[in-house]
Amino acid sequence: MGTHTHKKNAPRSVTIGILTVSTTRSLETDESGKWIEGRALNSGHSVACRQIVPDDAVRIAETVSAVIRGHHPQVLILTGGTGITPEDVTIEAVRPMLQKELTAFAPLFAFLSHNEIGSAAMLSRATAGVIGSTVVFCLPGSLNACRLAWNALIFPELGHLAPVSYTHLRAHE
């Protein structure tokens, strides 16, 4: 089955969780999380939760697990904590939890970022994969990075990635 058929049979709406990793932002000042939530809702998706978690690897991992267990999002988007400072530990907290990694996501995101911001794109990290039946994206905290990832990579594939479609698609392969 080709990509076109997969997308045609994919669900039109998915449930999304949003976690912003930051020790300085609140729900009110979190532009990136607020923007992702708005875009998701405006696109017909539902938002299961939107939370702030501090830049601490243990707290990030615990919160990711709690959100997946408690809210059951089909897609979980983390924004922030992906840079290169010692405090940026989102990737280190989440990557060991991934059962499958979407290895093309990071290079595609870096390529698209390079087209927008040049060589500074290498200073920001991103990753994506699957934990249980939830697809997880770790994005930089900047609003522009979230817009780029959502518009160019995540949104076009949301229904295709949603675990609801996995069972349906496997039955047709």
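Predicted model only: the values in this text are computed from it and were never measured. (Residues numbered from 1 in each chain as written. Predicted model: local features only at pLDDT ≥ 70, side-chain atom pairs only at ≥ 80, totals over all residues. Heavy atoms only, no water.)

Looking now at the overall build of the chain. Along its length, the chain carries seven helices and six strands. The helix and strand sequence of the chain, counted from the amino end, reads α-β-α-β-α-β-α-β-α-β-β-α-α. Total accessible area on the chain is roughly 8600 Å²; 56% of this is exposed by carbon and sulfur atoms. (Helix = DSSP H or I, 4+ residues; strand = E, 2+ residues; numbered from the N terminus. Areas by Shrake-Rupley, 256 points an atom, 1.4 Å probe, with all protein chains shown as cover.)

To continue, consider the packing of aromatic side chains. In this description, a pair of aromatic rings is defined by centroid distance and the angle of the planes. Inspection of every chain in the model, using the stated rule, returns three aromatic pairs. For the ring pair F105 and F109, a centre distance of 6.1 Å and an interplane angle of 15° mean the geometry is stacked. A residue pair is termed a helical-turn pair when its members lie 3 or 4 positions apart in one helix, as F105 and F109 do in helix α5 (residues 105–117) at four residues. No difference in accessibility class separates F105 from F109, as the two residues are buried. (Phe/Tyr/Trp six-rings, centres within 6.5 Å; stacked < 30°, edge-to-face > 60°. Buried < 20%, exposed > 50% of the residue type's maximum accessible area, 1.4 Å probe, protein only.)

Across the interface, helix α2 (residues 31–42) lies against helix α6 (residues 143–161) with an axial gap of 9 Å and an inter-helix angle of 25°. It follows that α2 is roughly parallel to α6 by the angle criterion. Considering only the axes of α2 and α6, their crossing is right-handed. Residues E31, S32, W35, I36, R39 and A40 of α2 form the contact with α6, whose participating residues are L143, C146, R147, W150 and N151. (Axes fitted to C-alpha atoms, helices over the stretch in contact; angles between N-to-C directions. Parallel < 35°, antiparallel > 145°, perpendicular 65-115°, else oblique. Left-handed = near helix turned anticlockwise from the far one by under 90°. Contact = heavy atoms within 4.5 Å.)

Where a protein is soluble and globular, its nonpolar side chains tend to be buried together. Residues I16, I77, F137, W150 and I154 are the most contacted members of the largest nonpolar core, which totals 27 residues. Of all the secondary-structure elements, those providing two or more residues to this core are β1 (15–21), α2, β3 (75–79), α5, β5 (127–131), β6 (134–139) and α6. The dominant element in this core, judged by the number of residues it contributes, is α6, at ten residues. Of all hydrophobic cores here, the second largest spans 18 residues; its members include V64, V89, V94 and V136. (Core = buried A, V, L, I, M, F, W, Y, C linked by side-chain atoms within 4.5 Å.)

What follows covers the pattern of salt bridges. For the structure shown, the criterion picks out five salt bridges. A salt bridge links E92 to R125; the nearest nitrogen and oxygen atoms lie 2.7 Å apart. Linking E92 in helix α4 (residues 90–94) with R125 in the loop between α5 and β5, this pair joins segments that are 33 residues apart in sequence. Judged by its relative accessible area of 24%, R125 falls in the partly exposed class. (Salt bridge = Lys/Arg side-chain N within 4 Å of Asp/Glu carboxyl O.)

So, on to the pairing of β3. Within β3, five of the five residues are buried, which leaves the element mostly enclosed by the surrounding structure. Burial of β3 is two-sided: the residues V75, I77 and T79 facing one way and the residues L76 and L78 facing the other way are all buried. Note that β1 and β3 share five bridges and pair parallel. When the bridges of β3 are listed, T20 appears paired with T79. Pairing of β3 with β6 involves five bridges; the strand directions are parallel. What sits directly across from L78, in β6, is C138. (Pairing = 2+ DSSP bridges.)

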